[in-house]
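Structural overview
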2 protein chains.
Amino acid sequence: MEISSELENLKSCPAQFVLAINDTLNVISGKWKLPIIGSLLYGKKRFRELERGIPKISPRMLSKELKDLEANGIVKRTVYDSIPVIVEYELTISGESLHQVLEPMIEWGLQHRKNVIGK
Amino acid sequence: MEISSELENLKSCPAQFVLAINDTLNVISGKWKLPIIGSLLYGKKRFRELERGIPKISPRMLSKELKDLEANGIVKRTVYDSIPVIVEYELTISGESLHQVLEPMIEWGLQHRKNVIGK
DNA sequence: AAATATACTATACATTAGTATACTGGTTAC
DNA sequence: GTAACCAGTATACTAATGTATAGTATATTT
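Bear in mind that the values here come from a model prediction, so they are computed numbers and not experimental data.

Here's the deal with the protein's contact with DNA strand C
- Of all residues adjacent to DNA strand C, which total 20 residues, the nearest are Lys31 and Met61 of chain A together with Ser63, Arg77 and Tyr89 of chain B.
- At 3.3 Å from a phosphate oxygen of DNA strand C is found a main-chain nitrogen or oxygen belonging to Val87 of chain B.
- Of all elements in the fold, only α5 (59-71) of chain A together with α4 (47-53), α5 (59-71) and β3 (86-91) of chain B reach the threshold of two or more residues within the surface near DNA strand C.
- With four residues, the single largest contributor to the surface near DNA strand C is α5 of chain B.

Okay, here's the thing in structure tokens:
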């Protein structure tokens, strides 16, 4: 049986696909993850640089979200034992490859805004 | 000046892009939106069909999320004044076009799972 | 007459996410 | 010596999200 005719008989999106999408969603959803990833897309940054670059974020949230992103393998944290200590954050390969997810989201978002005129 | 060299000087993702991504995120994030969209990707469905197809969802959540998706122009609700009343839900054009967003998310999610071995 | 189905809504509660404000300990500039 | 910078942490709170359970009105089945 062909894939196309198998798909026609499907009643919903396969569960392993939903899982994969949720993995991706968990990485980018929340109020601050996107601004942080967006700040790091163009190069490494220090904690205070990120804080200054992201309006209204509190150090608590920045710290929490960076830990989250680090735990999920999106961000790499490097501590230089200079005096004073310097901490740099940068995207991992996985983190950088998020652009392949973000670009279609930008396109869809812009198009959807046009479709739903006046929004 | 070329686009590439302009991008090199950027310190973060442009704001209108972040907005567009957030529009997209709002449409697909939440615990139940994806299962609902996934159920509708392969054709129209009635309320109880969706309820039966999505394990553990409560009618309250299903109703709420369907209203949300309808308000956002993702789902179309049709009431047939038969007896008993039949209500059908289906994806709009915008809703169907979400596959262009979901596919890269599936790919990224699967790849990321491979990268972060043992997760 | 009782049970079941459809398409929901209502109320109350629990959990998660995010905010506000202050503080730490070390270092450097004035 | 005190004010400011760095990289955060601590505590308490509010808001948003989701759950649990029950109930509505209508109609069909047994």
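Remarks on the pattern of salt bridges
- Tallied over the entire structure, the rule returns 13 salt bridges over all chains.
- As a salt-bridge pair, Glu65 of chain A and Lys33 of chain A come within 3.9 Å of each other at their nearest N and O atoms. Of this pair, Glu65 of chain A sits in helix α5 while Lys33 of chain A is found in helix α3 (residues 33-40), placing the two residues 32 residues apart along the sequence. With respect to burial, Glu65 of chain A and Lys33 of chain A carry one shared label: buried.
- Here Lys44 of chain B and Glu88 of chain B are joined by a salt bridge, their closest N and O atoms 3.9 Å apart. In this pair, Lys44 of chain B is assigned in the loop between α3 (33-40) and β1 (45-46) and Glu88 of chain B in strand β3, connecting sequence segments 44 residues apart.

Here we look at the side chain of Glu65 of chain B
Residue and element names in this part refer to chain B.
- Assessed through its relative accessible area of 5%, Glu65 is described here as buried.
- Within the structure, the side chain of Glu65 is placed 3.3 Å from the side chain of Lys64, a separation counted as a polar contact.
- Sequence-distant contacts of Glu65, that is, excluding residues within four places in its chain, are made with Trp32, Lys33 and Ile36.

Quick look at the relation of the copies chain A and chain B
- Mapping chain A onto chain B leaves a residual RMSD of 0.1 Å; the transformation is a rotation of 180 degrees accompanied by 0.0 Å of translation along its axis. Such a turn and shift between the copies fits a two-fold axis.
- Most of the interface of chain A is mirrored in chain B, where 95% of its interface residues again form contacts.

Overview of α5 of chain A
All names here are of chain A.
- With 13 residues, α5 should reach 18 Å at 1.5 Å per residue; the first-to-last C-alpha distance of 18 Å fits that figure.
- Within α5, burial applies to Leu62, Glu65, Leu66 and Leu69. Looking straight down α5, one finds its buried side chains confined to an arc of 105 degrees; they lie on one side. In α5, the exposed residues that point more than 90 degrees away from the buried face are Arg60, Lys67 and Ala71.
- Contact partners of the buried residues in α5: α2 (15-28), α3, α4 (47-53), β2 (75-80) and β3 (86-91).
- In the segment just after α5, Gly73 is the residue with positive phi, at about 70 degrees.

Cut-offs and rules
Counting restarts for each chain, with residues numbered from 1 along the sequence as it is written. Just so you know, chain letters begin at A and ligand numbers begin at 1, following the order they were written in. With pLDDT at 70 or above as the cut-off, local features in this predicted model cover only qualifying residues; side-chain atom pairs require 80 or more to be listed or tallied, and sums for whole chains, interfaces and linings still use all residues. Hydrogens and waters are ignored; side-chain quantities use all the structure's heavy atoms. Whether a residue is near a molecule or strand is decided by its heavy atoms; if any one of them lies within 4 Å of it, the residue is near. Contacts described as polar in this section are N or O atom pairs within 3.5 Å, which, within protein, must combine one atom able to donate a hydrogen with one able to accept it, while residues neighboring in sequence count only if both atoms come from side chains. Helix and strand labels come from DSSP, where a helix needs a run of H or I of at least four residues and a strand needs a run of E of at least two; each type is numbered from the N terminus. Here, a salt bridge means any Lys or Arg side-chain nitrogen found within 4 Å of an Asp or Glu carboxyl oxygen. A simple rule labels every residue: compare its accessible area, found with a 1.4 Å probe on the protein chains alone, to the largest value its type can have, and call it buried under 20%, exposed over 50%, or partly exposed in between. Contacts are residue-level and defined by heavy atoms, with any inter-residue pair within 4.5 Å sufficient. In superposing the copies, a least-squares fit is computed on C-alpha atoms, taking residues whose pLDDT is at least 70 in both. Helix span, as expected, comes to 1.5 Å for every residue beyond the first. Think of the arc as the fan of directions from the helix axis to the C-beta atoms.

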